[in-house]
Amino acid sequence: MAGPVSGKVVYEQEGVFIHSSSGNDDQDCLLSGILRVIEKETEVIVDWRPMDDSLDSSNILYARKDSSSVVEWAQTPKERNPRGPEHMNSYEAEWDMVNTVSFKKKPHSNGDATVHTNGESKWSFLFSLTDLKNIKQNKEGMGWSYLVFCLKDDVVLPALHFHHGDSSLLIQSLEKYVVLCESPNDRRILVNCHSISQSFDSLLDEPTYGLIQKLKKDPYTATMGGFSKVTNFIFDSLRGSDSSAQQRPPSEMADFISDAIPGLKINQQEEPGFEVITRIDLGKRPEVHRRQPVSIEEWTKNMDFEGRILNTDSMKQMIFKGGLCHALRKEVWKFLLGYFSWNSTREERASVQKRKTDEYFRMKLQWKSVSEEQEKRNYRLRDYRSLIEKDVNRTDRTNKFYEGQDNPGLILLHDILMTYCMYDFDLGYVQGMSDLLSPILYVMENEVDAFWCFALYMDQMHQNFEEQMQGMKTQLIQLSTLLRLLDSEFCSYLESQDSGYLYFCFRWLLIRFKREFNFQDILRLWEVMWTELPCQNFHLLICCAILESEKQQIMEKHYGFNEILKHINELSMKINVEEVLCKADAISIQMMNCKELPQGVCEVLGLENSAVTTPDSDTGEEETAGGVNGAALSHPGLSVPPAVSNGTKESTEQEAHPPATD
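Residues numbered from 1 in each chain as written. Predicted model: local features only at pLDDT ≥ 70, side-chain atom pairs only at ≥ 80, totals over all residues. Heavy atoms only, no water.

### Quick word on unusual backbone geometry
Generally, phi is negative for residues other than glycine and the peptide bonds are trans, each holding for most cases.
Here's step 1: Cis peptide bonds are those with omega within 30 degrees of zero, and the linkage from L533 to P534 qualifies with -5 degrees.
Here's step 2: Look at D498: it is not a glycine, yet its phi comes out positive at around 55 degrees.
Here's step 3: Here D498 shows up in the loop between α17 (488–496) and α18 (506–510).
Here's step 4: Accessibility expressed as a relative area gives 29% for D498, which makes it partly exposed.
Here's step 5: The backbone of N537 sits at a positive phi, close to 60 degrees, despite the residue not being glycine.
Here's step 6: Its location among the elements puts N537 in the loop between α19 (519–530) and α20 (538–556). (Helix = DSSP H or I, 4+ residues; strand = E, 2+ residues; numbered from the N terminus. Buried < 20%, exposed > 50% of the residue type's maximum accessible area, 1.4 Å probe, protein only.)

What follows is the structure in structure tokens.
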């Protein structure tokens, strides 16, 4: 098992868990891994290994200056291999003072692959199908399935848990090579009857990328990091760091939240110029299903010979419905974030990268060349550097990409954030921005590409980090508007508990759920949101979907101010990303099909009318409730419409003048 296993990967599933017992408590320790079925010339191998083993710091290559100030590519001391000539001749090598790194390309399963075993992990295993005796399959109480492989020498391997019920795809893959029959004594057991002779050339080699559910909580997530005075105040009171704050009544704490975000007014009072909604029938919510992630084959088929994307709308729809297989993210995220134009050619994209590389290193040189004496006279630069160093040292440190001391990934986080301060010195660095960069750098594995993708993402998120918090004010108001339309009863309950400001969603909105989902799920969530489908502000519908799922527990257990806050905080790393995306998608369809959708809601979602036919809807009706422009409401003092229910009576009253916008 110590040697490499070469062959063609015909099945690959991420997010297959082993539940190992923990010595600290009665709960299982969840080990997320990748399960593969690998074709060799004479046998078929089943291989499982932990996710963290797929990326090792020994694979990191970084650049350094030699004595003649020429960039020299060097590998981390653990493993040194010759660097490919394509990197030695890279235009990045023209730059001095470089700290850029890239990671060795991981093999993907759309073709031949070489899989290496990791002798350091006691949980990794592989076996030949010829040694398979039987497979025990079962359903867990939570709905997912698990499989147990038993080999002919009566070796029983650890149970593999498929948290999204995808074990049937593995069985189908194995049945191409072996005959699996139900045991007459136990229908849950599939017995290997005999092997099947089948030509390997005729088998499909397209991967089946599953969904990752890494439920092991990130300790950094629990610390909250003090990136805003609002979250600082709230969670300090929960941690008990300020006993006087704990003694304050909930109503007074709610007032503090309001004071922390000046201009935020969420109430039920009618104000001139805004729509007053009494009752709305949203109609039946459709059932929505998601597809498999977009594969490399699907992506390449949608590209012409010069590299242009043939059908951008269709590709975005596929990404929205299923996300991307990980092997595609490095390329496709650049399109989703606007780094590359969808109709650009390969040659044009190469030109963009060269120009952006020059621009990046000029900006990097600005802060790298500042002397200590200069920095002593530039308090803003000193403050930015201090904040960045503090945040970098606690960002995603449990992720293999960033763990350990002197990790090149940490160096890049620092350098990119410092360079961003040169790019946007007015904003500079605000705590929380490292959370947005970390997944992008993890995917790009390249300093320059990661910087520009991050800068483009920050263009979307800029208002969240501005001193006046205009983006946060607007989003909290818009979220309250949507939630009241969906469930006025829940909104009324939250208001009765001094929680109507929805301040418990602050962190969700500030850094786009970065600390609510596990790292791999954030990659999926962000790429779906970046399609800008099916409407603008889809992330607010994701908030609604999460809150709707928690409504019953909050109301039935009569949670108050502190309990609501604590409950929402403890959802971190426990939310199922696929379920949330399905529910948010269904809510969007339900709203788009509503014939009497309020104008304010239409503006939040960027809809031109209130009866939009979607690909998932069953109706072809296109009746409207009045034209509405696509601009989102952003007035800091916008009031939320009064109670709305899902009843059958519909009535709206509207002032003659339209809502105010920025």
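### Overview of the packing of aromatic side chains
Here's step 1: Within this structure, the stated rule accounts for 28 aromatic pairs.
Here's step 2: When the centroid spacing of 4.9 Å and the interplanar angle of 85 degrees are considered together, the rings of F451 and W452 count as edge-to-face. Judged on exposure class, the residue F451 and its partner W452 are both buried.
Here's step 3: Its end group placed over the ring of F340, R349 keeps NZ or CZ at 5.9 Å from the ring centre.
Here's step 4: Directly above the aromatic system of W452 lies the positively charged group of K356, at a separation of 4.1 Å from the ring centroid. (Phe/Tyr/Trp six-rings, centres within 6.5 Å; stacked < 30°, edge-to-face > 60°. Lys NZ or Arg CZ within 6 Å of the ring centre and 35° of its normal.)

### Some points on the pairing of strand β8 (residues 125–128)
Here's step 1: Burial of the side chains of β8 extends over both faces: F125 and F127 are buried on one face and L126 and S128 on the other.
Here's step 2: Alignment of strand β3 (residues 44–50) against β8, held across 4 bridges, turns out to be antiparallel. Bridge pairing links V46 to F127 in β8. (Pairing = 2+ DSSP bridges.)

### Side note on the pairing of strand β10 (residues 145–151)
Here's step 1: In terms of residue burial, β10 counts as a mostly covered element, since 7 of its 7 residues are buried.
Here's step 2: Alternating positions in β10 separate into two faces, S145, L147, F149 and L151 on one and Y146, V148 and C150 on the other, with burial throughout.
Here's step 3: Where β10 meets strand β11 (residues 160–162), 3 bridges bridge the pair, whose relative direction is antiparallel. Looking across to β11, one finds that Y146 is bridged to H161.

### As for the nonpolar core
Here's step 1: Core analysis: the largest hydrophobic core is formed by 128 residues, its most contacted members being F454, F504, F513, I542 and M591.
Here's step 2: Here F504 is in contact with L494, S499, L547, I564, L565 and I568, once residues within four sequence places are set aside.
Here's step 3: V16, L129, L147 and L170 belong to the second-largest nonpolar core, a separate cluster that totals 28 residues. (Core = buried A, V, L, I, M, F, W, Y, C linked by side-chain atoms within 4.5 Å. Contact = heavy atoms within 4.5 Å.)

### Thoughts on the pattern of salt bridges
Here's step 1: A full pass over the atoms with the stated rule returns 33 salt bridges.
Here's step 2: Measuring nitrogen to oxygen at the nearest pair gives 2.6 Å for the salt bridge that ties R285 to E548. Of this pair, R285 sits in the loop between β14 (276–279) and α7 (296–301) while E548 sits in helix α20, and the two are 263 residues apart along the sequence.
Here's step 3: What makes R285 partly exposed here is its relative accessible area of 26%.
Here's step 4: A salt bridge links R385 to E375; its shortest N-O distance comes to 2.9 Å. With R385 in helix α12 (residues 379–392) and E375 in helix α11 (residues 372–376), this residue pair connects regions lying 10 residues apart in the sequence. (Salt bridge = Lys/Arg side-chain N within 4 Å of Asp/Glu carboxyl O.)

### Observations regarding the packing of α20 against helix α21 (residues 561–569)
Here's step 1: The geometry of α20 relative to α21 is characterised by a closest axis approach of 12 Å and an angle of 135 degrees between their N-to-C directions. What the angle tells us is that α20 and α21 run oblique. With respect to the hand of their crossing, α20 and α21 are arranged in right-handed fashion. Within the contact between the two elements, α20 uses L547, E550, Q553 and I554 and α21 uses I564, H567 and I568.
Here's step 2: When the residues that make up the contact of α20 with α21 are grouped by side-chain class, the tally is 4 nonpolar, 2 polar and 1 charged. (Axes fitted to C-alpha atoms, helices over the stretch in contact; angles between N-to-C directions. Parallel < 35°, antiparallel > 145°, perpendicular 65-115°, else oblique. Left-handed = near helix turned anticlockwise from the far one by under 90°. Nonpolar A, V, L, I, M, F, W, Y, C, P; charged D, E, K, R; others polar.)

### Describing the environment of I542
Here's step 1: On the secondary structure map, I542 appears in helix α20.
Here's step 2: With a relative accessible area of 0%, I542 lands in the buried category.
Here's step 3: For I542 and M529, which are 13 residues apart along the polypeptide, the C-alpha to C-alpha distance reads 9.7 Å.

### A look at helix α16 (residues 470–486)
Here's step 1: Taking 1.5 Å as the rise per residue, α16 with 17 residues should run 24 Å; its terminal C-alpha atoms sit 25 Å apart, in good agreement.
Here's step 2: The buried fraction of α16 is high, at 17 of 17 residues. (Expected span 1.5 Å × (residues − 1).)

### Observations concerning the packing of α16 against α17
Here's step 1: The contact between α16 and α17 brings their axes to 5 Å, and the two run at 125 degrees. With respect to α17, the axis of α16 lies oblique. Counting all contacts with α16, which are made through S480, L483, R484 and L486, the residues of α17 involved are S488, F490, C491, L494 and E495.
Here's step 2: Here the residues of the contact of α16 with α17 sort into 5 nonpolar, 2 polar and 2 charged.

Remember, this is a structural readout, not a statement about activity or role.
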